[in-house]
Amino acid sequence: MSSGRQHPANRRSTVSSSDICTAKRSRSEPVIDSLPEGIMHDIVSRLTLKDAVRTSSVSTTWRRLWRCHPDLCFDSPTILNREPGSRSRRRRHRFIRRVNAILESHSGTRLRRFKIAFTLDIRHAKYLDPWLNFALDSKASIISVNLRPVLHKGSVRSWEETYTLPVRMFSSQCASCIEMLQLGCVSLKPPHDFDGFANLRVLDLEYVYMLGGSFDLLLSKCNALECLRLSHCCPMPNLKVQQPLCRLSYLSVRECLPQGMEFNAPNLTKFDYSGEAIPITLSESMKLTQATVALMGYDDTLEHVLTELPKTLSHVETLFVRTCINTEVFRFSRCLVKYNHLIKLELTVSILGDSRNRNGILRLANLLEVAPHLQRLELNMLPHVSTGFLNNVPEAYWRIQPCTHSHLEQVEVSGFIGVNGQLELVLYILDNAVALRGMSIEPRVTAYDRVFGYWAGLDIDIKRGRACVLKNILPEDYPDVQIEIF
């Protein structure tokens, strides 16, 4: 009776000679070499440059793959295996030598991103120029050049020592390939016939000096911009871009010291500004919903926050503001324009002057009038005042016109140390915010202080503030409000 099973000897006899050859070949070369070339390139492209170079030890096939790596990142961790910060001449020469070796081996094809982050200047132009020309010839779409990745104490140099980007970068053929440009500690000198970066979506400039032309002219020729960041750039007497930037959705200008700023950005949704109180015009920015404004210096700028910023940020829903109050300024301005869409406000206030003056701090009560639809208020106070604390006898805030607020639900106050005016301000909010559900009062300072950093305050001030709140704000007087005292 025949069995359905095949004898092992018969099974071995069915193996063909081609299968035997394939098995021998698979033992002689790695299986990974048999992958399609497109898949191997895709694998290498997902690695960092350092790891991609290491794949050259896999086999002769992989030895050439990294030469088409799309992301060339030249910084200290990648090239020198150490964190940025060292400025020794020996390490700088080693960095330059290794970058040159990598670029000599790279094919110049498939390049997408080209980044240099190292401490270099005009003395190294003979190296930087060929490196950037390599990126331009390879049609890299992302170019990042930061020649001082770490600012050392006492390392500030004159603008004359900064490296100037090659004029070729502004040619029509090269400029049209760049979609993202990040520059730090360099100088720009665009030619007079510069046509613009036709496809540039992201422009990030930090410590950039304009040798010729102006930032206004440069930006007006970047019609495809979606994200613009300017930080510590100069000279910038005015920043007025008349040309509409219809795709711009994010704008950040930090400590560039312009005397005025004007943009026409109808699709702007987020805006950040840090600097002096200046006129700001954002024409047609009806979609702007979030803004951060940090007014630097120690002049009283609350007037600017209450009367000028609403003209520009009337459509904002979430607003973060840093300002300064002098307790010796008593004027209460008429708020003609309001934050009509503002829902959340985080306000950090440095308080200067003589703490015996109450009405300087009480000016903050105008927030209820200028933001009629506000639902959440976070008030961080940073007292830098002379002696003269509250005598624990709350005075009537008769100078302020009562303003019933129907939407404010949550208030958080920090830095409450018993300075004159703080108690009256809290009582004013409790009495006029009819929809208020919760209020927390924290004597410690929770916001970042420009002088002391993250500093909670003196223990004696914290104890005094807590005692003032416990004595004068009784939860039973406001049964509908959950009051927390820390």
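In this text, all values refer to a predicted model and were calculated from it rather than measured experimentally. Every chain begins its residue count from 1, and numbering advances along the sequence as written. Residue-level local features of this predicted model are given only where pLDDT is at least 70; pairs of side-chain atoms are given and counted only at 80 or more, and the full residue set underlies all totals for whole chains, interfaces and linings. As a rule here, side-chain values come from all non-hydrogen atoms in the structure, and water together with hydrogens is ignored.

Enquirer: Would you mind showing me how to read the overall build of the chain here?
Expert: Working definition: helices are DSSP H or I runs of at least four residues, strands are E runs of at least two. Numbering for both runs from the N terminus. Each helix and strand in the chain was counted, giving 15 helices and 21 strands. Sorting the 486 residues of the chain into buried and exposed places 48% on the buried side. The criterion used for residue contact is that any of the two residues' heavy atoms lie within 4.5 Å. Contacts spanning at least 24 positions in sequence make up 65% of the contacts within the chain whose residues lie at least 6 apart. Think of it in three bands: with a 1.4 Å probe and only protein chains considered, a residue is buried below 20% of the maximum accessible area for its type, exposed above 50%, and partly exposed in between.

Enquirer: Would you mind going over the environment of Pro-402 with me for this structure?
Expert: If you trace the backbone, Pro-402 turns up in the loop between strand 16 (376–386) and strand 17 (410–414). Setting aside chain neighbours within four positions, we find Pro-402 in contact with Tyr-428 and Asn-432.

Enquirer: I tried to follow the packing of aromatic side chains on my own but got confused; where do I start?
Expert: Aromatic rings considered in pairs are described by the distance between their centres and by the relative angle of their planes. A pair of aromatic rings is counted whenever rings of Phe, Tyr or Trp (Trp by its six-membered ring) have centres within 6.5 Å, and the orientation is called stacked for planes under 30 degrees apart, edge-to-face for over 60 and tilted otherwise. This model, assessed by the stated rule, comprises six aromatic pairs. For the pair Phe-74 and Phe-114, a centre-to-centre distance of 5.7 Å together with 80° between the ring planes defines the contact as edge-to-face. With Phe-74 in strand 1 (residues 71–75) and Phe-114 in strand 2 (residues 113–117), this residue pair connects regions lying 40 residues apart in the sequence. For the pair formed by Phe-74 and Phe-114, the shared burial category is buried.

Enquirer: Would you take a moment to explain the confidence of the model for the chain for this structure?
Expert: Do not read the predicted coordinates in detail wherever pLDDT is low. With 76% of its residues at a pLDDT of at least 70, the chain reaches an overall mean of 83. One number per residue, pLDDT, summarises how confident the predictor is, and it ranges from 0 to 100. A low-confidence stretch, residues 1–28 (pLDDT under 50), is modelled with three contacts involving residues beyond four sequence positions or located in other chains. Here residues 152–156 scores under 50 on pLDDT; set against residues more than four positions off or in separate chains, the count is four contacts.

Enquirer: It is not clear to me how helix 7 (residues 125–137) should be interpreted in this structure. Could you clarify?
Expert: Side chains that are three or four residues apart share a direction in an α-helix, a result of its 3.6 residues per turn. Compared with an ideal rise of 1.5 Å per residue, which puts 13 residues at 18 Å, helix 7 spans 18 Å between its outermost C-alpha atoms and is within 8% of the ideal. What helix 7 keeps buried is the set Ala-125, Leu-128, Trp-131, Leu-132, Phe-134, Ala-135 and Leu-136. The secondary structure elements touched by the buried residues of helix 7 are strand 1, helix 6 (89–105), strand 2, strand 3 (142–146), strand 4 (163–164) and helix 8 (172–175). Following helix 7 by one or two positions, Lys-139 adopts a phi angle in the positive range, close to 60°. The span you would expect from a helix comes to 1.5 Å times its residue count less one.

Enquirer: Help me understand the sheet that holds strand 10 (residues 261–264), please; the structure alone is not making it clear to me.
Expert: A sheet is described by the order of its strands in space; here three strands give the open sequence 8-10-12, paired in parallel fashion. The open sheet has two edge strands, strand 8 (239–241) and strand 12 (280–283), and neither has a second partner. Looking at each pair of strands side by side, their axes are set apart by 10° on average, direction ignored. Two strands are counted as paired when DSSP detects at least two bridges linking them. Strand direction decides the pairing type here: strand 10 and strand 12, joined by four bridges, are parallel. When the bridges of strand 12 are listed, Asn-264 appears paired with Ser-283. The axes used here are C-alpha line fits, helices contributing only the stretch in contact, and every angle between their N-to-C directions lies in the interval 0 to 180 degrees.

Enquirer: For this particular structure, what's the right way to read helix 15 (residues 459–472)?
Expert: For helix 15, with 14 residues, the first-to-last C-alpha span of 20 Å sits near the 20 Å given by 1.5 Å per residue. Residues of helix 15 that are buried include every one of Asp-461, Ile-462, Gly-465, Cys-468, Val-469 and Asn-472, and no others. Across the axial projection of helix 15, the buried residues extend over an arc of 130°, all falling on one side. Exposed and oriented more than 90 degrees from the buried face of helix 15 are Asp-459, Ile-460, Lys-463, Leu-470 and Lys-471. Here the arc refers to the set of directions running from the helix axis out to each C-beta atom.

Enquirer: Where do I start with unusual backbone geometry in this structure?
Expert: Peptide bonds are mostly trans, and most non-glycine residues show a negative phi. In the segment running from Cys-234 into Pro-235, the intervening peptide bond is cis, with an omega of -10°. The phi torsion at Lys-139 lies on the positive side, around 60°, for a residue other than glycine. One can find Lys-139 in the loop between helix 7 and strand 3. Even without glycine at this site, Cys-185 takes up a positive phi of about 60°. Assignment of secondary structure puts Cys-185 in strand 5 (residues 180–188).

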